Amino acid sequence: MTYRVADLVVDSLLAHEVDRVYSIPGESFLPVLDALYGRADVDLVTCRHEGSAGLAAVADAKLTGRPGVFFVSRGPGAFNAGIALHVAEQEAIPLVMFIGQVDTPNLGRGAVQEIDASKAFAGTLKLAVRIDKPERAAEELARAFAAARNGTPGPVAVELPEDVLSWAAAEGSARVHGCAEAGCSVEAAAECAALILEARRPVLLVGGECRTAAFREDLVKLSERWQLPVMVGNKCQDQFPNGHPLWAGQLGFFPHPAHVKFFSEVDLFVVIGSRLGDVSSLGYAFPRQDGSQRLIHVYPDANQIGRQFKPEKAVVSSAHAFVQAMSSLASTRSIDDGRMDKVRATREATTLWDPERIPSADVFGHAVTALAAHLSEDAVVTTDSGNFAGWVHRIFRLQPQNRLLGSACGAMGSGVPSGLSAALRYPGRQVLAFCGDGGFLMNGNELATAVARKLDLKVIVSNNGSYGTIRTHQQRNYPDRVSGTDLSNPDFSKLAQAHGAHGFLIERAEDAARIIDEAMQVRGPVLIEVRSEADQGLEKSVAAMRAPV
Ligand SMILES: Cc1ncc(C[n+]2csc(CCOP(=O)(O)OP(=O)(O)O)c2C)c(N)n1
């Protein structure tokens, strides 16, 4: 049989260590589906919507550190997948979207579902390539994967015109161009060390650029050796052991008064693996630009440094290379008790580890507390976007073997696809996917995929009958004028059962522990619906939790 461009596409995936792809099939890339037929080395996961296929691929990229890959059909498929491209761009995640394309004689004629990805997603994609010359296919595929990872990682589209996929290609030509590693010189590390030694109240602010176990281990060593309190970016809670005395907490969308206070006292920000966007800088307020706060900014892409803030020292390096370079230097730094008290106070103000602090009426808070008691040390936790997620972040105490998957840019709908991805990547590990009733009905259809794959996935749905986060904003800005945020919901536990999953329902705080105990014994996909009132519990207690320290 002729070796086709479609076979080269699959061999290029393997060359880039891609062992799983997500897809909604299309007639435009049948030869690729054929090339994947019967292969044990690439797992083809058939999803129910391109948005969730893309978000599952984003989650896989976060788990593996390699580009997430998914296949969609022409215009409708690609546009359905738009959210994943946006998330990958916002969160600097390497992602490759393959799009079935109309055949070459009809390109540019506006044929059915034709799409020009470079125009359709201009401003979002890092690169769009079209495989229309078999002799250059290997090069273009390698370029696509390299672009997804290099510098600031992000989304790339590869258009596959239908006819080209069946054309002959050169067997064995699949190639990898690789990724340029941005390293940290000993000199740069020494300059940073001098700045840290001069500082009295430094903080190490860590983003999600590197998420490997080795990085996390080295990060702990660095923070201890240099006695640096550690704060992490939104949805990066798993980057540092939450019980560690130097753990200052995770930043979130609404600047917590304790974080504002903590940041206002810092004299040196050492920012690694983060672009230092609005969330990490508390709305571009920190580091202050009046000379009172210094910045060491470490990121692999020079273009991301010096955008909003003047760094005292800019280091074009991956976070891990920087941490390793710093670890090779001797440190004499110590931290005084007063500063440790401040770190502890910040941590305590922003966490809810003591169940006594959870309002008795709050059913969801008690359900999360009950789940925390079951949390295994290597569990993967996914949080969709919404008010409910605040409970999970505050109540759970994550350790470095835990993984947290959530959309740092706040896109709804990632909870279940990320859970799907985690359960596929780590069979045997506990996977808990938290969603609001709003976010769940966006991509909860992937519960069907989890059932098809018999995955051990627990989905927890906070049913407050509302797009609660928006309602909170409404009540703050337009009190008692609730508009467009009420939700009428199905019976989620029965919906799960209709999918072939197990369904549980928690309606009262006092039942939470018992029902969670029961649900956690069950293998296979499980949905636990937790019902509460929109105005009871969440909003009021979120406000209470934010009481200034
Ligand atoms: C895809 C997407 N659409 C809309 C929004 C705006 N938004 C942010 S939070 C939210 C409501 C979330 O509701 P729900 O999932 O029920 O969680 P809750 O806030 O009630 O806990 C909305 C609509 C968003 N962030 N992402």
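Since the model is a prediction, treat every value here as computed from it, not as a measurement.

**Q** Kindly report on the side chain of Ser414, identifying the contributing residues and their values.
**A** Within the secondary structure layout, Ser414 lies in the loop between strand 14 (403-406) and helix 15 (415-425). With near-sequence residues (within four places) excluded, Ser414 lies in contact with Leu55, Thr383, Asp384 and Ser407.

**Q** An account of a nonpolar patch on the surface is needed here, citing residue identities and associated values.
**A** A contiguous nonpolar surface patch, about 260 Å² in accessible area, is contributed by Met442, Tyr467 and Ile470. Along the chain, Ile470 falls in helix 18 (residues 468-477). Looking at Ile470, the relative accessible area reads 47%, which means it is partly exposed.

**Q** Just give me the short version of helix 5 (residues 82-91), but keep the residues and values in it.
**A** Each α-helix turn comprises 3.6 residues. Residues three or four places apart therefore point the same way. Every buried residue of helix 5 is accounted for by Gly82, Ala84, Leu85, Val87, Ala88 and Glu91. Where helix 5 is buried, its residues touch helix 3 (50-64), strand 3 (68-73), helix 4 (74-80), strand 4 (95-101), strand 6 (155-161) and strand 14. Within two residues after helix 5, Ala92 carries a phi angle of roughly 55 degrees, on the positive side.

**Q** Got a sec to walk through the state of the cysteines? Specific residues and values, please.
**A** Under the defined criterion, the tally for this structure stands at 0 disulfides. We note that Cys47 lacks a disulfide partner, and the nearest cysteine sulfur, in Cys435, lies 15 Å from it. Take Cys47: its relative accessible area is 5%, and that puts it in the buried class. Of the cysteine sulfurs around Cys179, a residue in no disulfide, the closest is that of Cys210, at 12 Å. Residue classification places Cys179 among the partly exposed residues on the basis of a relative accessible area of 24%.

**Q** Can you lay out the packing of aromatic side chains for me, pointing to particular residues and giving the numbers?
**A** Counted under the stated rule, the structure contains 11 aromatic pairs. Taken together, Phe29, Phe71, Phe98 and Phe145 form an aromatic cluster joined through their ring pairs. Above the plane of the ring of Trp353 lies Arg397, whose end atom (NZ or CZ) is 4.0 Å from the centre. Of note, Arg429 hangs over the ring of Tyr426, and the distance from its end group to the ring centre comes to 4.0 Å.

**Q** Give a description of the sheet that holds strand 6 that names residues and reports values.
**A** Taken in spatial order, the 6 strands line up as 2-1-3-4-6-5 in an open sheet, and their pairing is parallel. Edge positions in the sheet fall to strand 2 (43-46) and strand 5 (127-130), since each of these pairs with one other strand and no more. The sheet shows a mean angle of 20 degrees between the axes of neighbouring strands, direction not considered. Two elements, strand 4 and strand 6, share 7 bridges in a ladder whose sense is parallel. The partner of Leu95 across the bridge, within strand 6, is Pro155. Set on the sheet, helix 5 makes contact with strand 3, strand 4 and strand 6; between it and strand 4 the angle comes to about 150 degrees.

**Q** Outline helix 9 (residues 213-225), supporting the account with residue identities and numerical values.
**A** With 13 residues, helix 9 ought to run about 18 Å at 1.5 Å a step, and its terminal C-alpha atoms sit 18 Å apart, in line with that. What helix 9 keeps buried is the set Phe215, Arg216, Asp218, Leu219, Val220, Leu222 and Ser223. On its buried face, helix 9 is in contact with strand 7 (202-206), strand 8 (230-232), strand 10 (268-272), helix 11 (319-327) and strand 14. Gln227 lies just past helix 9 and shows a positive phi near 50 degrees.

**Q** Which residues make up the site of the ligand, and what are the values?
**A** Taken together, 19 residues form the shell around the ligand, and within it Gly410, Asp437, Gly438, Gly468 and Thr469 come nearest. Here Asn387 contributes a backbone N or O atom positioned 2.9 Å from an oxygen atom of the ligand. One of the backbone N or O atoms of Ser466 is found 3.0 Å from an oxygen atom in the ligand. Broken down by secondary-structure element, the contributors of at least two residues to the shell around the ligand are helix 16 (437-443) and helix 18. Broken down by element, the shell around the ligand gets its largest block of residues, 4 residues, from helix 16.

**Q** Lay out the nonpolar core with the relevant residues and their values.
**A** Core analysis: the biggest nonpolar cluster contains 52 residues, and Tyr22, Phe70, Met97, Phe440 and Val459 have the highest contact counts within it. A per-element tally of this core places helix 3 first, with 8 residues. Not counting chain neighbours up to four residues away, the residues in contact with Tyr22 comprise Val45, Cys47, Ala53, Ala56, Ala57, Asp60, Val69, Phe70, Phe71, Leu420, Ser421 and Leu424. Ranked by size, the runner-up nonpolar core spans 36 residues in total, among them Leu204, Val206, Trp226 and Val270.

**Q** Describe the domain arrangement of the protein chain, naming the residues involved and giving the relevant values.
**A** The domains assigned to the protein chain are domain 1 (5-166), domain 2 (186-349) and domain 3 (353-546). Each of domain 1 and domain 3 has a C-alpha centre, and these two points are 31 Å apart. Each partner contributes to the interface: domain 1 provides 23 residues, whereas domain 3 provides 24 residues. Carbon and sulfur atoms supply 54% of the area that domain 1 and domain 3 bury against each other, a total of about 1900 Å² over both sides. Where domain 1 touches domain 3, the interface holds 3 salt bridges. In this structure, Arg453 engages Asp43 in a salt bridge whose closest nitrogen and oxygen atoms are separated by 2.8 Å. At the surface where domain 1 touches domain 3, the tally comes to 15 residue pairs in polar contact (both at pLDDT 80 or more). Breaking the side of domain 1 that touches domain 3 down by element, the ones donating at least two residues are strand 1 (20-23), strand 2, helix 3 and helix 5. Looking at the side of domain 1 that touches domain 3 residue by residue, the classes come out as 10 nonpolar, 5 polar and 8 charged.

Cut-off values and rules
Residues numbered from 1 in each chain as written. Predicted model: local features only at pLDDT ≥ 70, side-chain atom pairs only at ≥ 80, totals over all residues. Heavy atoms only, no water. Helix = DSSP H or I, 4+ residues; strand = E, 2+ residues; numbered from the N terminus. Contact = heavy atoms within 4.5 Å. Patch = residues over 30% accessible without salt bridge, like charges linked within 9 Å, V, L, I, M, F, W, Y side chains within 5 Å. Areas by Shrake-Rupley, 256 points an atom, 1.4 Å probe, with all protein chains shown as cover. Salt bridge = Lys/Arg side-chain N within 4 Å of Asp/Glu carboxyl O. Buried < 20%, exposed > 50% of the residue type's maximum accessible area, 1.4 Å probe, protein only. Disulfide = S-S within 2.5 Å. Phe/Tyr/Trp six-rings, centres within 6.5 Å; stacked < 30°, edge-to-face > 60°. Lys NZ or Arg CZ within 6 Å of the ring centre and 35° of its normal. Pairing = 2+ DSSP bridges. Axes fitted to C-alpha atoms, helices over the stretch in contact; angles between N-to-C directions. Expected span 1.5 Å × (residues − 1). Near = heavy atom within 4 Å. Polar contact = N/O pair within 3.5 Å; in protein donor to acceptor, adjacent residues only side chain to side chain. Core = buried A, V, L, I, M, F, W, Y, C linked by side-chain atoms within 4.5 Å. Domains from an automatic or database assignment. Buried area = accessible area lost by both parts, 1.4 Å probe. Nonpolar A, V, L, I, M, F, W, Y, C, P; charged D, E, K, R; others polar.

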